[in-house]
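Chain and residue survey
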Amino acid sequence: MADASGARTVRLPLRDNWRFGGRVTTGATAPDFDDSDFATVTVPHCVVDLSWHNWDPASWAAEWIYRRHFDRPGDGRIFLDFEGAMSASTVTVNGHEFEQHLGGYLPASYEITDLVTERDNVLAVVVDGRWLPVPPDGAPDGPAAVDYLQPAGIYRDVSLRVVPEVFLADVFAKPVDVLRDDRSVHVRATIDSVRPSAGMALRVALRDGGRTLATTTVAVPAGSSVATATLRDLGDIRLWDIDAPNLYEVEATLLVDGRAVHRQSVRIGFREARFEVDGFFLNGRRVKLFGLNRHQIYPYTGMAMPGRVQRRDAEILARELNCNIVRCAHYPQSREFLDACDELGLMVWQEPPGWQYVGDAAWQELVVRDVHDMIVRDRNRPSIVIWGVRVNESANYPELYTRTKEVAYELDGTRPTSGSMTQRSTEDWDQDVFALDDYNHDYENIRLLPPLPDVPYMIAEAVGALTGPHYYRWIDTPDDLAKQAVLHAKVHDIVRSDDRYAGLIGWLAFDYGSLHGWTYMNQKTPGVADIFRVFKPGAAFYQSQVDPHRRPVLEPAFVWDPDVSLSDEALFCTNCDRLEIYGDEKHVATTTPDRARFPHLAYPPHVADLPDGVEELRIDGYVGRELRVTRRMSAGPVRLSLELDDTSLHADGVDATRVLVRVVDSYGNRRPYGQGALTVTVTGPGILVGDNPFDLAESPGVAAFWLRTVAGSAGEVEVSASHPVLGTARSRLTVRR
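Here the structure is a predicted model, which is why all the values come from computation and not from measurement. (Residues numbered from 1 in each chain as written. Predicted model: local features only at pLDDT ≥ 70, side-chain atom pairs only at ≥ 80, totals over all residues. Heavy atoms only, no water.)

A few points about the overall build of the protein chain
For the protein chain, the count of helices and strands is six helices and 48 strands. Overall, the protein chain is about 85 × 60 × 50 Å in size when its C-alpha atoms are taken along their principal axes. Residues counted as buried form 60% of the 737 residues belonging to the protein chain. For the protein chain, contacts bridging at least 24 residues in sequence account for 69% of all contacts bridging at least 6. The average position of the 77 basic charges and that of the 105 acidic charges among the side chains of the protein chain differ by 5 Å. (Helix = DSSP H or I, 4+ residues; strand = E, 2+ residues; numbered from the N terminus. Buried < 20%, exposed > 50% of the residue type's maximum accessible area, 1.4 Å probe, protein only. Contact = heavy atoms within 4.5 Å. Lys, Arg positive; Asp, Glu negative; His and termini not counted. Charge placed at Lys NZ, Arg CZ, Asp CG, Glu CD.)

Thoughts on the pattern of salt bridges
In the structure shown here, the tally under the stated rule is 60 salt bridges. In this structure, Arg19 engages Asp35 in a salt bridge whose closest nitrogen and oxygen atoms are separated by 2.5 Å. Residue Arg19 is found in strand β2 (residues 18-23), and its partner Asp35 is found in the loop between β2 and β3 (39-41); the two are separated by 16 residues along the sequence. Each of the salt bridges in this network shares a partner with another, and the network as a whole consists of Arg312, Glu315, Glu320, Asp645 and Arg658. (Salt bridge = Lys/Arg side-chain N within 4 Å of Asp/Glu carboxyl O.)

A word on the confidence of the model for the protein chain
Close reading of the predicted structure is inappropriate where its pLDDT is low. In the predicted model, the protein chain carries a mean pLDDT of 95, and the fraction of residues at 70 or more is 97%. Predicted confidence is poor over residues 1-5, with pLDDT under 50, and the contacts of this stretch with residues over four places away or in other chains come to 10 contacts. (pLDDT = per-residue confidence, 0-100.)

Concerning the sheet that holds strand β43 (residues 677-683)
Strand-to-strand pairing in sheets goes through backbone hydrogen bonds, with the strands running parallel or antiparallel. On the basis of which strands lie adjacent, the open sheet formed by five strands has the order β41-β48-β47-β43-β45 and mixed pairing. For this open sheet the edge positions go to β41 (648-650) and β45 (694-695), each flanked by a neighbour on one side alone. Two strands pair when backbone bridges link them, and β43 and β45 are joined in this way by two bridges, in the antiparallel orientation. Residue Leu678 lies in a different strand from β45, and its bridge partner there is Phe694. (Pairing = 2+ DSSP bridges.)

Section: the pairing of strand β25 (residues 384-388)
Within β25, five of the five residues are buried, leaving the element largely enclosed by the surrounding structure. Inspection of the sheet shows strand β24 (residues 347-350) paired to β25 by three bridges, in the parallel sense. By the bridge assignment, Val348 is partnered in β25 with Ile384. One crossover worth recording links β24 to the parallel β25 by way of helix α3 (residues 361-378), and it is right-handed. Sheet analysis places β25 next to strand β26 (residues 417-418), joined by two bridges and oriented parallel. For Trp387, the partnering residue across the bridge sits in β26 and is Thr417. Handedness of the crossover is the feature at issue here: the chain leaves β25, passes through helix α4 (residues 398-411), returns alongside β26, and the resulting connection is right-handed. (Right-handed = clockwise from strand over helix to strand, strands pointing away.)

Points about the packing of helix α1 (residues 307-320) against helix α2 (residues 335-344)
Close contact between α1 and α2 brings their axes to 8 Å; oriented N to C, the two are set at 35°. Note that α1 runs across α2; the crossing there is right-handed. Residues Gly307, Gln310, Arg311, Asp313, Ala314, Glu315, Leu317, Ala318 and Arg319 of α1 form the contact with α2, whose participating residues are Glu336, Phe337, Asp339, Ala340, Cys341, Glu343 and Leu344. (Axes fitted to C-alpha atoms, helices over the stretch in contact; angles between N-to-C directions. Left-handed = near helix turned anticlockwise from the far one by under 90°.)

A short note on the state of the cysteines
Throughout the structure, instances matching the rule amount to zero disulfides. Cys341 takes part in no disulfide bond, and the closest cysteine sulfur to it belongs to Cys328, at a distance of 6.4 Å. (Disulfide = S-S within 2.5 Å.)

Re unusual backbone geometry
The linkage connecting Pro135 with the following residue, Pro136, adopts the cis geometry, with an omega of 5°. Unusually for a residue other than glycine, Asp257 sits at a positive phi of about 55°. Secondary-structure assignment places Asp257 in the loop between β17 (248-256) and β18 (259-268). Taking the relative accessible area as the measure of exposure, Asp257 reaches 67% and is therefore exposed. One non-glycine residue, Glu585, lies in the positive phi region at around 70°. Within the secondary structure layout, Glu585 lies in the loop between β35 (578-583) and β36 (586-591). According to the relative accessible area criterion, Glu585 is partly exposed, its value standing at 48%.

Here's the deal with the packing of aromatic side chains
According to the stated counting rule, one finds 28 aromatic pairs in the structure shown. Between Trp52 and Phe532, the ring centres sit 5.1 Å apart and the planes meet at 45°, which makes this aromatic pair tilted. In this pair, Trp52 is assigned in the loop between β3 and β4 (63-70) and Phe532 in the loop between β32 (523-524) and α6 (537-544), connecting sequence segments 480 residues apart. For the pair Trp52 and Phe532, one class covers both residues: buried. Between Phe290 and Phe541, the ring centres sit 6.0 Å apart and the planes meet at 65°, which makes this aromatic pair edge-to-face. (Phe/Tyr/Trp six-rings, centres within 6.5 Å; stacked < 30°, edge-to-face > 60°.)

Examining the packing of α3 against α4
Between α3 and α4, the shortest axis-to-axis distance is 10 Å and the interhelical angle comes to 20°. The orientation of α3 with respect to α4, classified from their angle, is roughly parallel. For α3 against α4, the interelement crossing comes out right-handed. Residue-level inspection shows Gln364, Glu365, Val367, Val368, Val371, His372, Ile375 and Val376 of α3 in contact with α4, the latter providing Leu400, Arg403, Thr404, Val407, Ala408 and Leu411. Class assignment of the residues belonging to the contact of α3 with α4 gives a composition of nine nonpolar, three polar and two charged. (Parallel < 35°, antiparallel > 145°, perpendicular 65-115°, else oblique. Nonpolar A, V, L, I, M, F, W, Y, C, P; charged D, E, K, R; others polar.)

Observations regarding α3
An ideal rise of 1.5 Å per residue puts 26 Å on 18 residues; α3 measures up with 26 Å between its terminal C-alpha atoms. What α3 keeps buried is the set Trp363, Gln364, Leu366, Val367, Val368, Asp370, Val371, Met374, Ile375, Arg377 and Asp378. (Expected span 1.5 Å × (residues − 1).)

Examining a negative patch on the surface
A surface patch of like charges, here negative, comprises Asp71, Asp75, Glu118 and Asp120. By the element assignment, Asp71 lies in the loop between β4 and β5 (77-82). Classification of Asp71 as partly exposed rests on a relative accessible area of 37%. (Patch = residues over 30% accessible without salt bridge, like charges linked within 9 Å, V, L, I, M, F, W, Y side chains within 5 Å. Areas by Shrake-Rupley, 256 points an atom, 1.4 Å probe, with all protein chains shown as cover.)

With respect to α2
Because an α-helix packs 3.6 residues into every turn, residues spaced three or four apart end up facing the same way. For α2, the set of buried residues is Phe337, Leu338, Ala340, Cys341, Asp342 and Leu344. Where α2 is buried, its residues touch β18, β22 (289-294), α1, β23 (325-328), β24 and α3. Remark: Gly345 follows α2 within two positions and exhibits a positive phi of approximately 80°.

Overview of the side chain of Glu461
Along the chain, the position of Glu461 falls in strand β29 (residues 457-462). A polar contact of 2.6 Å, which involves the side chain of Glu461, links it to the side chain of Tyr439. Those residues in contact with Glu461, other than ones at most four positions away along the chain, are Asn293, Arg327, His330, Asn392, Glu393, Leu436, Asp437, Asp438, Tyr439, Ile505 and Trp507. (Polar contact = N/O pair within 3.5 Å; in protein donor to acceptor, adjacent residues only side chain to side chain.)

Re the sheet that holds strand β44 (residues 686-689)
The four strands lie next to each other as β40-β42-β46-β44, forming an open sheet whose pairing is antiparallel. Two strands bound the open sheet, and with one partner strand each, they are β40 (639-644) and β44. On average, adjacent strands in this sheet sit at an angle of 25° to one another, irrespective of strand direction. As paired elements, β40 and strand β42 (residues 656-664) share six bridges and run antiparallel to each other. When the bridges of β42 are listed, Leu642 appears paired with Val661.

So this is what it looks like as structure tokens:
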């Protein structure tokens with residue numbers, strides 16, 4: 001909001017009170033169209049009601065109409081900002097129609113200053129969810145040609161932005177020589193003015209909380225649209241790192257005749273990220289990249305989840321799965337997710353929308369535009385260490401990818417370029433880091449191709465869905481599920497054996513909707529977590545790769561259940577030095593890390609032969625001689641467990657949190673009980689998002705829903721889940737204004 005001087009941007013979110021009319025009808029964008037019968041919805045929004053599976057692209061392949069009434073938000077120039085609408089959108093304000101915006105993953109802005117009146121302005125948006133010649137779409141085979149489904153809707157935030165007549169349209173603050181004592185920050189500010197202004201100046205300041213570390217002021221030549229300044233003599237600077245993600249603020253102020261007319265702040269971090277032939281270096285030290293790819297696809301809503309839920313994915317990856325990098329596959333992802341990556345120290349590979357197919361000249365122009373808009377949106381972020389400038393897994397298009405690389409260098413120049421490859425050759429390849437999608441292995445012959453000589457080299461995808469045959473569904477056998485953990489452990493072990501591998505980003509964090517190739521209920525299930533974000537046994541490997549003095553971990557990569565067979569070798573993913581295993585309180589085994597199979601991992605899995613006919617297991621984990629963690633598992637009766645990711649939400653009608661329901665043993669371990677219907681009840685100011693009742697046979701032992709708030713309604717919410725055999729589980733949260 002505006003400060004006392006009126007120099008800051010006023011931003012009004014448009015999240016509630018949208019009117020959604022379904023498929024567009026004649027005249028629906030006109031200001032006087034009667035929308036009283038339209039449904040009232042909030043944004044983010046998906047145009048169709050979805051289950052958690054069996055999505056059908058034909059259900060959203062149409063044009064859809066949204067309308068929003070609003071009053072003038074203030075004095076000044078007014079812009080309408082869309083973060084994302086899938087897959088193309090046409091905006092009309094008070095009858096004035098803007099040019100259609102093609103693409104759903106990057107922002108679009110419209111100046112509406114001269115179109116709005118004081119009261120009851122009408123915004124109409126036609127969202128086109130059809131298969132269009134727009135990246136990543138356009139291939140002749142339709143939605144099945146892209147390995148992720150893209151339900152239509154206004155699925156990211158919309159807001160009104162009020163700025164002065166002369167304002168800062170963009171601020172790029174680039175740390176330079178960050179490892180030297182004379183490090184500096186180069187600032188480039190873009191000025192938007194309706195008429196040439198004289199007497200302009202740019203003042204920039206580097207701040208650490210309430211402290212100002214450096215400041216400078218430079219004159220702006222009359223009529224210029226760009227101003228540059230350099231901040232020097234910064235003093236002691238704490239670097240941004242994976243374990244210490246220190247962030248600073250650069251505030252730019254535009255002055256006219258000495259008066260502040262507009263301020264804009266951006267957040268930055270000081271860090272050096274280099275890819276060399278012998279590995280990846282962060283702030284001068286070698287760091288092995290250890291990560292997972294991420295789709296921002298969710299059950300029930302497609303991609304339309306609010307900021308809290310987007311941020312939660314980053315927390316899962318960084319804090320629970322111990323990743324130091326995530327690849328945003330295969331499109332620019334939400335600002336909230338990337339904000340969390342900046343704050344958590346989670347490095348990011350960001351790439352433009354695409355999947356194998358490259359279309360005609362007009363289609364390729366959209367790729368160049370997307371690379372441009374992606375970099376302008378996100379180039380202040382310290383978390384991003386790679387710009388993807390190629391369409392994922394596409395053939396070489398030298399002219400196109402020369403252009404996108406040049407765009408990256410011109411707009412940023414501080415980060416290397418790359419793009420995932422399926423052909424292991426540098427012929428007609430001209431990026432900075434060679435990144436291979438390496439699926440040249442199966443469970444019996446786990447291997448990776450050796451790095452190419454003389455180029456920085458990393459693995460952009462591995463394991464994934466080509467090692468099935470069932471791709472790790474909850475209905476698969478315990479042996480098949482456990483193999484996922486072994487495969488991820490093995491490929492990371494190989495990467496750690498050779499410094500020429502910069503690292504590996506495994507496929508994949510979370511399951512997602514797809515029609516491409518082998519799918520189950522129109523889902524791909526290679527994730528180490530399912531689409532509900534519930535960890536499969538494969539996640540146990542990632543959970544265990546953390547210093548035990550920071551967090552001791554003992555995760556069985558199996559289910560202890562009398563009705564489920566288990567192979568002779570039970571896998572425990574742990575960072576402990578020794579496990580002592582007891583069956584019905586009798587000692588049955590001692591295990592140590594399996595360094596024969598995993599010689600290069602910091603914390604290899606353990607393997608044990610477990611006895612038959614045992615009701616309960618107790619596993620004690622030792623670090624050195626100290627008992628650090630105990631895990632108990634029971635083959636006895638099961639019960640329902642209900643957990644909420646958050647205990648407090650905002651009453652804005654958009655905020656949401658996950659409701660996780662599992663069938664567990666007496667110690668809280670998941671059990672694959674797959675019969676009967678699960679029914680969820682919400683009491684208080686909350687709305688349940690999900691299939692209710694939920695058929696547990698389709699996802700044995702695991703279900704999740706999301707609880708969304710009601711705009712303006714605060715109070716206590718109770719959520720309960722009931723099953724005809726397993727009984728009822730409850731939890732509560734508070735919704736605050």
